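The chain contents come next:
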Amino acid sequence: MAAATEEPPASTGSVPRVDEAEEVHEATEGGRLERDDDDEILRFMDSLDGYLLLMDSLSSALRLGWLDLASARHSMGTSRVSSTLFDHKEQSAATKLQVVDSTDIQSSEPNPYFVLSKWHLEEKLSSNDAVSAQDTKPKLRFRGSTTAPEDGNHQSDAALAESSACVDTSSHVQRARSKALSVYGALVSPKLRTAQISFETALEVIVELANSRSNMLASFSQIKDE
Amino acid sequence: MYGWEMLSFNIHDGFLEAIVRGNRSGLLTASDYNNLCQCENLDDVKMHLTATEYGPYLQNEPSPLHTTTIVEKCTLKLVDEYKHMLCQATEPLSTFLQYITYGHMIDNVVLIVTGTLHERDVNELLEKCHPLGMFDSIASLAVAQNMRELYRLVLVDTPLAPYFSECITSEDLDDMNIEIMRNTLYKAYLEDFYKFCQKLGGATAEIMCDLLSFEADRRAVNITINSIGTELTRDDRRKLYSNFGLLYPYGHEELAVCEDVDQVRGAMEKYPPYQSIFAKISYGESQMLDKAFYEEEVRRLCLSFEQQFHYAVFFAYIRLREQEIRNLMWISECVAQNQKNRVHDSVVFMF
C-alpha cells in the first residue's frame, strides 16, 4: 500500500521536471539558433565591409594606373604609347584565372572560388618542382671534412635552394613584365612600368573582390533561408 | 652681331622672322592655363580653346570629345603654320626648317616598322604618324624584313639615308633592334643638325648649338634611366649617346655604368646647369625629372627670342608649340580622369 501510495507522488513529481527540462532544452536550442543567426549576420556584415574596402582599393589602384599611363604618354609621346602598337600575333596568355566551381567534386570551397596565376608562375613552379624532384636522387657523397654534419649541409642546401628559387621566380616575373611592355619599345619610361604595377595590383584586387562577393552572397543566402 | 647678320638677314628671312614672332605671341599664357586647369570636363576645355588660336580647329568637333582628338587638332595647327613658313623659305632657312622635322620622321619610321612587326594594318599605323614626319614612300616600310631592306627599298631616297650607315645590319627586326635603330638614327640626326648649325655660323650657331647640346644631354639621361634593368648592355648604351654636348665625353662614361637613378644624379650633379635640375627632385625619384628638364628647355627656348636675325627662333617656336600641345594633352587627361589635383605635375608655363 505504501509502495502503491508512494508511486503516484513520484509520478506527479517527475512530470513538472520533464516539462522544465523540455523548456530549458527549447530555450537553449532557441538561444543557440539566435546566436547562430547573429553569427551569420555578423559574418555577412564583415564580408560586406571587406568588400567595400576592396572596392575602394581597386578604385585607387585604377586611378593611379591610368594617371601613370597618361604620364608615360606625356613623357614618351602619344605615338609611342597607344593601342595601335598592341601585338596582334598569336601568343599565349601570361596571366590566367582559374574558376573553381562549387559543383566541382574536388573543390573544398562551398562557393565559386577564383585563383589568379600571373606571368606563367604556375608553369614555372611546376618546372622547378620537376627539377627539384630530379635533385632528390642520390648524389655522390662529398669526401671532404668528416667533422661537417650532414644534417647541417642538408639544411643549408635547402635554404640555398629556397632562396635561389625565390630569386629565380622574381627574375622570371621581371622578365615577363619587360616582355609585356616591349610592345611599346625596349626602352620605356619608368612611369610606364609604374602603370603596369598599378594595373597588376588592380587585377589581384579584382580577383579578391570576386571571392569576397562570392562569400558575401553565400552568407546572404544563408541568412535569407533562416 | 657676329657675322653682320643685321645687314643681310632681312633680305631673305626678315618676313618669316616677323611671321614666327607674330605666331609666338599666340602661345597660351599662364591665365589661359589657369582657366583650362579649372575645367570640369573636356567640353569646357574645348570651349576655352575655341577662344584661342586653336578655335578654328576645334570648334566643329562633336561631343563627346577625346583627349587624342584635342592633341590631333592642335597638332594640325602647328603643321599648317610650319608648312606656311616652309613654302616661303629660301636656302638655307628651308633646309634648316626641314631639319626640324627629321626627328618626327624617325619616330614615324619606327612606328610603322614596330606596328608591322606586331601585324597591324598599315593604314591604321599611317593615321597615327606625326604629320610633320610624313614622306612619300612611308607606306612601303611595311614590306621590309630587316634594316638592310628598310634602307634599300625605302629610306635610301629620304633625308634619313645618311643616318643609316651606322645601323645597317641583316639582323631581323625585333623590339630591341628597333629601339637601338631609333636611338642610333636620332643620334646621327642630332650630330648632323649640330654640324649644319655650326656651318651657318653667327648667332644661329651659338644659340642652336646650345639648344642641341641640351637636347643631346637630355637624351643621354633618358636613355640611361629607361635602360636601367633592361637587356641593353653598357657598351650598347654608350654607343647611343651623341658625340657632343656638355656631358661628352666624361659624363657619358659615368652615365654608361649607372644602375639606378641616384647614380645618374651623382653623375649629373657635377655639371652646374644640371645641378639645378636635379635639385628640384628628391632622392630616388624620377617622376618629376621630365618636368624639370622641360622647364629648363622652355627657359632656353624663350631666351632665344631675345636676340634677332637668327634661325633659332624658328626651332624655338616649333618646340614651344610642341610643349604647349603636351601641356594641353596633360590638362585634358587630368580633367577627363577627374584628377585635377595632379594637373600641375606636368604643365610647363611659358613666357
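Residues numbered from 1 in each chain as written. Chains lettered and ligands numbered in written order. Predicted model: local features only at pLDDT ≥ 70, side-chain atom pairs only at ≥ 80, totals over all residues. Heavy atoms only, no water.

Per an unreviewed UniProt entry, chain B is named V-type proton ATPase subunit, and its organism is Zizania palustris. Within the UniProt record for chain B, the comment given under Subunit (unreviewed entry) is "V-ATPase is a heteromultimeric enzyme made up of two complexes: the ATP-hydrolytic V1 complex and the proton translocation V0 complex." (UniProt positions renumbered as here; feature names shortened; annotations may be inferred.)

By the naming in an unreviewed UniProt entry, chain A is Vacuolar ATPase assembly protein VMA22, taken from Zizania palustris.

Caption draft 1: Layout of the interface of chain B and chain A. In this assembly, 38 residues from chain B lie in contact with 30 residues from chain A. Summing both partners gives a buried area of about 3100 Å² for chain B against chain A, and 54% of it is carried by carbon and sulfur. The three residues of chain B that bury the most area against chain A are B:His118, B:Arg120 and B:Asn226, which together make up 19% of that side's buried surface. Our count for the contact surface shared by chain B and chain A stands at three salt bridges. The salt bridge involving B:Glu333 is made with A:Arg73; its shortest N-O contact spans 2.9 Å. Counting across the interface, chain B meets chain A through 17 residue pairs in polar contact (both at pLDDT 80 or more). Those elements giving two or more residues to the side of chain B that touches chain A turn out to be helix 6 (93–117), helix 7 (122–128), helix 9 (175–200), helix 10 (202–227), helix 15 (289–304) and helix 16 (312–336) of chain B. Considered class by class, the residues forming the side of chain B that touches chain A number 14 nonpolar, 13 polar and eleven charged. (Contact = heavy atoms within 4.5 Å. Buried area = accessible area lost by both parts, 1.4 Å probe. Salt bridge = Lys/Arg side-chain N within 4 Å of Asp/Glu carboxyl O. Polar contact = N/O pair within 3.5 Å; in protein donor to acceptor, adjacent residues only side chain to side chain. Helix = DSSP H or I, 4+ residues; strand = E, 2+ residues; numbered from the N terminus. Nonpolar A, V, L, I, M, F, W, Y, C, P; charged D, E, K, R; others polar.)

Caption draft 2: Expanded view of the packing of helix 10 of chain B against helix 15 of chain B. All names here are of chain B. One can describe the packing of helix 10 onto helix 15 by two numbers: an axis separation of 10 Å at closest approach and a directional angle of 175 degrees. Considered as vectors, helix 10 and helix 15 are oriented roughly antiparallel to each other. Side by side, helix 10 and helix 15 meet where Ile207, Asp210, Leu211, Phe214, Glu215, Arg218, Val221, Asn222 and Ile225 of the first sit next to Leu289, Asp290, Phe293, Tyr294, Glu296, Glu297, Arg300, Leu301 and Ser304 of the second. Split into classes, the residues belonging to the contact of helix 10 with helix 15 amount to nine nonpolar, two polar and seven charged. (Axes fitted to C-alpha atoms, helices over the stretch in contact; angles between N-to-C directions. Parallel < 35°, antiparallel > 145°, perpendicular 65-115°, else oblique.)

Caption draft 3: How the structure looks around the environment of A:Asp37. Residues and elements named next belong to chain A. Its location among the elements puts Asp37 in helix 1 (residues 2–76). A residue is classified by how much of its surface remains accessible, and Asp37, at 31% relative accessible area, is partly exposed. Taking the C-alpha atoms as reference, Asp37 lies 7.1 Å from Ile223; in sequence the two are 186 residues apart. (Buried < 20%, exposed > 50% of the residue type's maximum accessible area, 1.4 Å probe, protein only.)

Caption draft 4: Broad picture of the nonpolar core. Residues B:Phe96, B:Phe193 and B:Phe314 are the most contacted members of the largest nonpolar core, which totals 108 residues. The next biggest cluster of nonpolar side chains, apart from the first, holds 26 residues, and it includes B:Val221, B:Leu247, B:Val264 and B:Ala267. (Core = buried A, V, L, I, M, F, W, Y, C linked by side-chain atoms within 4.5 Å.)

Caption draft 5: Layout of the pattern of salt bridges. Residue and element names in this part refer to chain B. By the definition in use, this model includes 35 salt bridges over all chains. In this structure, the salt-bridge partner of Glu53 is Arg321, at a minimum N-O distance of 3.3 Å. One end of the pair, Glu53, is in the loop between helix 3 (42–50) and helix 4 (55–58); the other, Arg321, is in helix 16, with 268 residues separating them in the sequence. Given the relative accessible area of 35%, Glu53 is considered partly exposed. The class of Arg321 is buried, set by a relative accessible area of 1%.

Caption draft 6: Just the packing of helix 15 of chain B against helix 16 of chain B, in detail. All names here are of chain B. Contact pair helix 15 / helix 16: the axes reach a minimum separation of 9 Å and the direction vectors enclose 140 degrees. For the crossing formed where helix 15 meets helix 16, the hand is left-handed. Every residue of helix 16 that contacts helix 15 at Tyr294, Glu297, Val298, Leu301, Cys302 and Ser304 is listed here: Ala312, Val313, Phe315, Ala316, Arg319, Leu320, Gln323 and Arg326. When grouped by side-chain class, the residues that make up the contact of helix 15 with helix 16 number nine nonpolar, two polar and three charged. (Left-handed = near helix turned anticlockwise from the far one by under 90°.)

Caption draft 7: View of the side chain of B:Glu179. Along the chain, the position of B:Glu179 falls in helix 9. You can call B:Glu179 buried: its relative accessible area is 3%. Excluding residues within four positions of it along the chain, B:Glu179 makes contact with A:Arg80, A:Gly185, A:Ala186 and A:Leu187.

Caption draft 8: Inspection of the confidence of the model for chain B at higher detail. On average, residues of chain B carry a pLDDT of 91, and 97% of them reach 70 or more. In the model output, the complex is listed with pTM 0.84 alongside ipTM 0.91. (pLDDT = per-residue confidence, 0-100.)

Caption draft 9: Fine view of the environment of A:Arg63. Within the secondary structure layout, A:Arg63 lies in helix 1. Among the residues examined, A:Arg63 registers a relative accessible area of 35% and is labelled partly exposed. Residues A:Arg63 and A:Ala195 lie 132 residues apart in sequence; the distance between their C-alpha atoms is 9.9 Å. Excluding anything up to four places from it in sequence, A:Arg63 contacts B:Gln337, B:Asn338 and B:Gln339.

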